[in-house]
Amino acid sequence: MNKVLVIGSGGREHALAWRLSQSTTVEKTYVAPGNAGTELEADIENVSLDPTDFAQVVAFCQQHQVSLVVVGPEQPLVDGMVDALSQAGINCFGPSAKAAQLEGSKAFAKEFLQRHSIPTATYGEFTDVAAAYDYLNTQSFPVVIKADGLAAGKGVVIATDLAEAQATVDDMLAGNKFGDAGSRIIIEEFLVGEEASYIVIADGKNFISMATSQDHKARDNGDVGPNTGGMGAYSPAPVVTPAIDQQVAEKVIQATLDGMAKDGAPFTGFLYAGLMIDANGQAKVLEFNVRFGDPETQPIMLRLQSNLDELCLAAIKGQLAGMRCEWDQRFALGVVMAEDGYPFSYAKGNRVDGLDAVVGDTKVFHAGTAIKNEQVVTSGGRVLCVCALADDLKQAQSKAYERVKQINWGSEYYRTDIGFKAL
């Protein structure tokens, strides 16, 4: 039986910890630092570890005989947590710091894609405002401008005209809006089509695909408004047809694993390819994440029926070949409930009511929550992800919203159309 530690405090980590705690081969699940949702789960224990202090994490794992560490967020991966724990003989699921550059640097990822002929948007890379301006003068609009480094999912701007593009370049390169993350920028062509998230568990050579999913990045109904970390997601995603599935598996995922191995940085962990699928059914890579997406994790974990710890341990040992995942065949849909004002400024510390209501086949995953005076209060921009399972997407959607309507804290905000593209 395994003891498992999940690193992180968001909705993704609540969902991963919950799924791990359901495993028939897990006896204990810890989360560091976790949130109110993980604290309220009967089989999960929050522990106050500093995820940036690798020595502290190693000591905890040794003291509590932890047999698997699953790293949720990108920053510890980019900072080398897997390297540090592996050196101490601890099974840590995720990519090395070298492999984590696929997410840690947009420039690294674009150069990698180009070098290995993996389909992606055309682009330019800049550290100088004048050179970026010159490039913009040759482009048609809209264009996509990205901060090179980690900007918590917020370092991407779609500029609709030259003036907005120049202002964004100024913001990032001269105005230091994203600090070090924005000292280098990528300007790339705007791809038209439908987005999908393709997430796999990889062991360096082989991979197992997770259920397909699609998330809604824009804050407001109809996919308009500012970009966020994600306002909801559903699984499976009908846009990923069997033909597209095969194309992505071969030309994107396998090509990426082969390329990383060839470059001396074999990739183990959750690999997430954010895709744009055009009208002709051709998929291009928008971005890589080196961890599970949030909020896609929540509906996907609701559907996963295999023991996640066994899959992670097999991947660490390079033994995924021949393994497979079992899935609930129903549809899952998750609606993010955020604080009004997200992704800009928002209140914290509001008491959340209605979490105790029971609706069959629904699950509320916490993200930005804490416990204060024995009450659940808001502590972040995205507060909850309310998920439901049903035989079709329409039912899953109505069930999730039925549950959403029972929860309130006075300044909640959510989209009312999650899943509309598929419906």
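Just so we're clear, the structure is a prediction, and the values are computed from it rather than from any experiment. (Residues numbered from 1 in each chain as written. Predicted model: local features only at pLDDT ≥ 70, side-chain atom pairs only at ≥ 80, totals over all residues. Heavy atoms only, no water.)

Draft legend 1. Quick look at the sheet that holds strand β11 (residues 207-209). Taken in spatial order, the 4 strands make up an open sheet running β11-β10-β16-β17, and their pairing is antiparallel. Looking along the sheet, the strands with just one partner apiece sit at the ends: β11 and β17 (283-289). Neighbouring strand axes in the sheet, compared pairwise and without regard to direction, differ in orientation by 30 degrees on average. Taken together, the 3 bridges between strand β10 (residues 194-203) and β11 define a ladder with antiparallel strand orientation. The partner of alanine 202 across the bridge, within β11, is phenylalanine 207. Sheet contacts for helix α10 (residues 242-262): β10, β11, β16 (268-277) and β17; angle to β16, the most-contacted strand, approximately 130 degrees. (Pairing = 2+ DSSP bridges. Helix = DSSP H or I, 4+ residues; strand = E, 2+ residues; numbered from the N terminus. Axes fitted to C-alpha atoms, helices over the stretch in contact; angles between N-to-C directions. Contact = heavy atoms within 4.5 Å.)

Draft legend 2. Geometry of the packing of aromatic side chains. One pass over the full model with this rule turns up 7 aromatic pairs. Seen from their ring centres, tyrosine 30 and phenylalanine 60 are 5.1 Å apart, and the 90 degrees between their planes marks the pair as edge-to-face. Taken as a pair, tyrosine 30 in strand β2 (residues 26-33) and phenylalanine 60 in helix α3 (residues 54-63) lie far apart in primary sequence, 30 residues in all. Given the relative accessible area of 6%, tyrosine 30 is considered buried. (Phe/Tyr/Trp six-rings, centres within 6.5 Å; stacked < 30°, edge-to-face > 60°. Buried < 20%, exposed > 50% of the residue type's maximum accessible area, 1.4 Å probe, protein only.)

Draft legend 3. View of a nonpolar patch on the surface. On the surface, a cluster of nonpolar side chains totalling about 270 Å² of accessible area is made up of Ile158, Phe190 and Val192. Looking at the secondary structure, you find isoleucine 158 in strand β8 (residues 156-159). The class of isoleucine 158 is partly exposed, set by a relative accessible area of 41%. (Patch = residues over 30% accessible without salt bridge, like charges linked within 9 Å, V, L, I, M, F, W, Y side chains within 5 Å. Areas by Shrake-Rupley, 256 points an atom, 1.4 Å probe, with all protein chains shown as cover. Salt bridge = Lys/Arg side-chain N within 4 Å of Asp/Glu carboxyl O.)

Draft legend 4. View of the environment of leucine 271. Along the polypeptide, leucine 271 turns up in strand β16. When residues no more than four places from it in sequence are discounted, the contact partners of leucine 271 are Leu102, Tyr198, Ile199, Val200, Ile253, Thr256, Leu257, Phe288 and Asn289.

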